[in-house]
Amino acid sequence: MVKLSIRNVEKRFVTEDQKVHALSSISVEVQSGEFLILVGPSGCGKSTLLNIIAGLVKPDAGEVLMNGVPVTEPGPDRALVFQDGALFPWLNVRRNVEFGLRQKGVSKREASEKAMHVLDQVGLSKFSENDLHTLSGGMRQRVAIARALALEPEVLLMDEPFSALDALTREDLYVEIQELWQGRGATIVFVTHNVREAVTLGDRVLLLASDPGRLQGEFPVNILRPRHIEDVDVARTAQQISYEMKKGRIPFVGDASTPDLEPGEVV
Amino acid sequence: MFKRLIFFVALIGVWALIAERHVWDPTLFPSPWKVAETLWQNFRDGSLVHATAISLRRVLVGYSISLAIGVPLGVLLATRKWLEDTVGSLVSAFQSLPSICWLPLALLWFGMNDKAILFVVVAGSLVSITVAVQDGIKNLPPTYVRAAQTMGTPQFRIYTEVLLPASLPAILTGAKLGWAYAWRSLMSGELLFVSLGLGQMLMQGRDLADMSQVISVMIVIMSLGLLTDKVIFGSLERHVRRRWGLSIS
Ligand SMILES: Nc1ncnc2c1ncn2[C@@H]1O[C@H](COP(=O)(O)OP(=O)(O)OP(=O)(O)O)[C@@H](O)[C@H]1O
Ligand SMILES: [Mg+2]
C-alpha cells in the first residue's frame, strides 16, 4: 500500500541576491511501513522535501498525497524530528513529550501515562522530571524522538536527527530506532548526509543531487536486520552509493588531487 | 555580603564624622542620626507610610496597565509584518521620548489629578515592555513554532503555549526595565506637581528646607527600588534562568 506519494514536486527559493532551484520535479512513492532514507550532499534539498511532506513548506508545483489525500498543512499524523531537536526548554522532559498529546485533547492523566511509556521505550523514564539542560545531547535527541513517537504518527519524518551526536551514541540509537520501527510498523522518512547511516537504517535509499535538487539514484537495501554500521554488507552498499554520489558532483578545479573519500564518508 | 556590610558601615562612619565636624552647615548636611530620627518620626506619624502607599499604588496600577497592553502588543508587532511597519515605527519613535515629556499633555487632558500621573507612568513603561516582548519573540529560533505546528497546535495556542513561554527570559528583562521606567516616571511626575506620594514628600522637604527629610525620603525611594529589583525580579529571573538552563552555576 502506498502511504505517501510525492508527485512532481517543484520548489524554488528566490532571495534578494540569489535564486535556488531547491527541488526539481521530484516524484517518490513511499510504501506503508517502509523505512525510506533520503541521502545527498548539503544543500541538495533534503530538508526542503521533508518540510514539504510535513506541510511546513508549500511546493511551487506538484503535490504530496498521504493515503491519497493531499497534504495542505502540518499535522500530528506526520511527526517531524528536527535536526537540533527543537525541544521546548521551558518544559521538563515529560511535559515536552506530553505537549503534542495535550494539543490533541488527550486528558492530563492519559497524556502523562503515554509520555512515561514512550520515555521508557527510549530509556529515559528515570529522567522524566528533569529539565532539558541537565540532559546530554544524545538524551535530548531521544526526548525528541519520544515526543514524536508519543503522537503515534502514521509517518515519522526525521531530519538528520543524529548528526550532532558522537559515533557511540549514534550506534546505540541506530539499534533503538530499528527496534522501535519494527515494533510499530510506522512509515519512516529519514534524512541524512551520512551514507553508511543510510544503509544501516533504510529499506531503500534515495540519492539526491543538488543544483537543481533532483533524484539521482535509488538503492534498495536487502541486508538482514538488525544491521550495524560496521557490517561488511553495509560498507559495500555504502561504497556503491558514495561512488554514485561522487559522480554526480560537479568537479572543482584541482579535484583530482584530493584523496579518495573513505567509504561511507561524505564531504 | 560581609564586604558590603563593612563598606556601608564605613560610609556612614565617614558621613557621621564630616557632619560632626560641621564642615558644612548642619541644616544642609545633617548627621546620619538626624536622618534616622526623621525617618523614624515620619514613619511613626504615618506620613511616610501613607505617601509610600500612594506611590506604590500608582506605580502598580500604571505598571499593570503597561503589562496588560504591552505584552499582547509586543506579540502582535512581532508576528504581523504590517503592524510592525506601521505601529512599530510609532513605538520606536516614542521610545526616544522621555516619559516626563508626556506630563504637559496629560495635565491638559486629565487635569491635575491621579489620572495624569498614571498616564505618565504608563507612557514611561509601556514602550519598553512592548519592545522587549517584540524583540524576544523575533529572536526565537523558527523551529519552535514549526515543531508546535507539526504537533497540531492551533494558532492561538502557539501564541500562549510556545511564543510567550519561549520568550519569557526576554519578556522578563523587558518587564524589569519597564518597572524601572515606571518608577522613575512616577517620581518625576510626583515631583513636578502637588500630588501626595513620595515625590511630593521629597519636595515638601525642600520647601521646608529640611534636608534630613529630603535624604530620608530618598533612602526610602532607593530601598523600594532595590527591593523590587533584587527580591522580586531577581528571584523570578533566577527561576527562569535555571529552568531554561541559561545560568552557568
Ligand atoms: N527558506 C529558504 N530561503 C531561501 N533559500 C532556502 C530556504 N530554505 C532552503 N533554501 C535553499 O535551498 C537549498 C536546499 O536547502 P535544504 O535545507 O533543503 O538542503 P539540505 O539538503 O537539507 O542541506 P543540509 O544537508 O545542509 O541540511 C539550499 O541551497 C538552501 O540555501
Ligand atoms: Mg537539511
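Structure's up top.
A quick note: this is a predicted structure, and the numbers were derived from the prediction, not measured. (Residues numbered from 1 in each chain as written. Chains lettered and ligands numbered in written order. Predicted model: local features only at pLDDT ≥ 70, side-chain atom pairs only at ≥ 80, totals over all residues. Heavy atoms only, no water.)

**Re the packing of aromatic side chains**
All names here are of chain A.
- Throughout the structure, instances matching the rule amount to 17 aromatic pairs over all chains.
- Residues Phe88 and Phe99 carry aromatic rings whose centres are separated by 4.9 Å and whose planes lie at 80° to one another, so their mutual orientation is edge-to-face. With Phe88 in the loop between strand E6 (78-81) and helix H2 (93-103) and Phe99 in helix H2, the pair connects residues that are 11 residues apart, well separated along the chain. Like Phe99, Phe88 is buried.
- Site record: aromatic cluster; members linked through ring pairs are Phe35, Phe162, Tyr174, Trp181 and Phe190.
- Across from the ring centre of Phe88, 5.1 Å away, lies the NZ or CZ of Arg147, which sits over that ring. (Phe/Tyr/Trp six-rings, centres within 6.5 Å; stacked < 30°, edge-to-face > 60°. Helix = DSSP H or I, 4+ residues; strand = E, 2+ residues; numbered from the N terminus. Buried < 20%, exposed > 50% of the residue type's maximum accessible area, 1.4 Å probe, protein only. Lys NZ or Arg CZ within 6 Å of the ring centre and 35° of its normal.)

**Re the site of ligand 1**
All names here are of chain A.
- With respect to spatial proximity, the complete set of residues near ligand 1 consists of Phe13, Thr15, Val20, Ala22, Ser42, Gly43, Cys44, Gly45, Lys46, Ser47, Thr48 and Glu160.
- One of the side-chain nitrogen or oxygen atoms of Ser42 is found 2.5 Å away from an oxygen atom of ligand 1.
- The separation between an oxygen atom of ligand 1 and a polar side-chain atom of Thr48 is 2.5 Å.
- For ligand 1, whose accessible area on its own is 630 Å², the fraction buried by protein is 64%.
- The set of elements that each furnish at least two residues to the shell around ligand 1 consists of strand E2 (19-31) and helix H1 (46-54).
- For the shell around ligand 1, the element with the most residues is H1, which contributes three residues.
- Per-class residue counts for the shell around ligand 1 are four nonpolar, six polar and two charged. (Near = heavy atom within 4 Å. Polar contact = N/O pair within 3.5 Å; in protein donor to acceptor, adjacent residues only side chain to side chain. Areas by Shrake-Rupley, 256 points an atom, 1.4 Å probe, with all protein chains shown as cover. Nonpolar A, V, L, I, M, F, W, Y, C, P; charged D, E, K, R; others polar.)

**A look at the pattern of salt bridges**
Residue and element names in this part refer to chain B.
- According to the stated counting rule, one finds 23 salt bridges over all chains in the structure shown.
- Residue Asp114 pairs with Arg57 through a salt bridge whose shortest N-O separation is 3.2 Å. In this pair, Asp114 is assigned in helix H6 (residues 114-138) and Arg57 in helix H3 (residues 47-79), connecting sequence segments 57 residues apart.
- Close ionic contact of Glu190 with Arg58 constitutes a salt bridge, the shortest N to O distance being 2.6 Å. With Glu190 in helix H9 (residues 168-192) and Arg58 in helix H3, this residue pair connects regions lying 132 residues apart in the sequence. Across the pair, Arg58 and Glu190 agree in class, each one buried.
- Members of the salt-bridge network, linked through shared partners, are Arg57, Arg58, Asp114 and Glu190. (Salt bridge = Lys/Arg side-chain N within 4 Å of Asp/Glu carboxyl O.)

**Structural notes on the interface of chain B and chain A**
- Each side of the interface is counted separately: chain B has 20 residues, and chain A has 24 residues.
- Where chain B abuts chain A, roughly 2,000 Å² becomes buried across the two surfaces, and 62% of that area is made up of carbon and sulfur atoms.
- Counting the surface chain B buries against chain A, the share from its top three residues, Thr150, Met151 and Arg243 of chain B, is 36%.
- When the shortest N-O distance is used, the salt bridge between Arg243 of chain B and Asp131 of chain A registers 2.9 Å.
- Linking chain B with chain A are five residue pairs in polar contact (both at pLDDT 80 or more).
- Contributions of two or more residues to the side of chain B that touches chain A are made by helix H7 (143-150), helix H8 (155-166) and helix H11 (211-244) of chain B.
- Grouping the amino acids of the side of chain B that touches chain A by side-chain chemistry returns nine nonpolar, six polar and five charged. (Contact = heavy atoms within 4.5 Å. Buried area = accessible area lost by both parts, 1.4 Å probe.)

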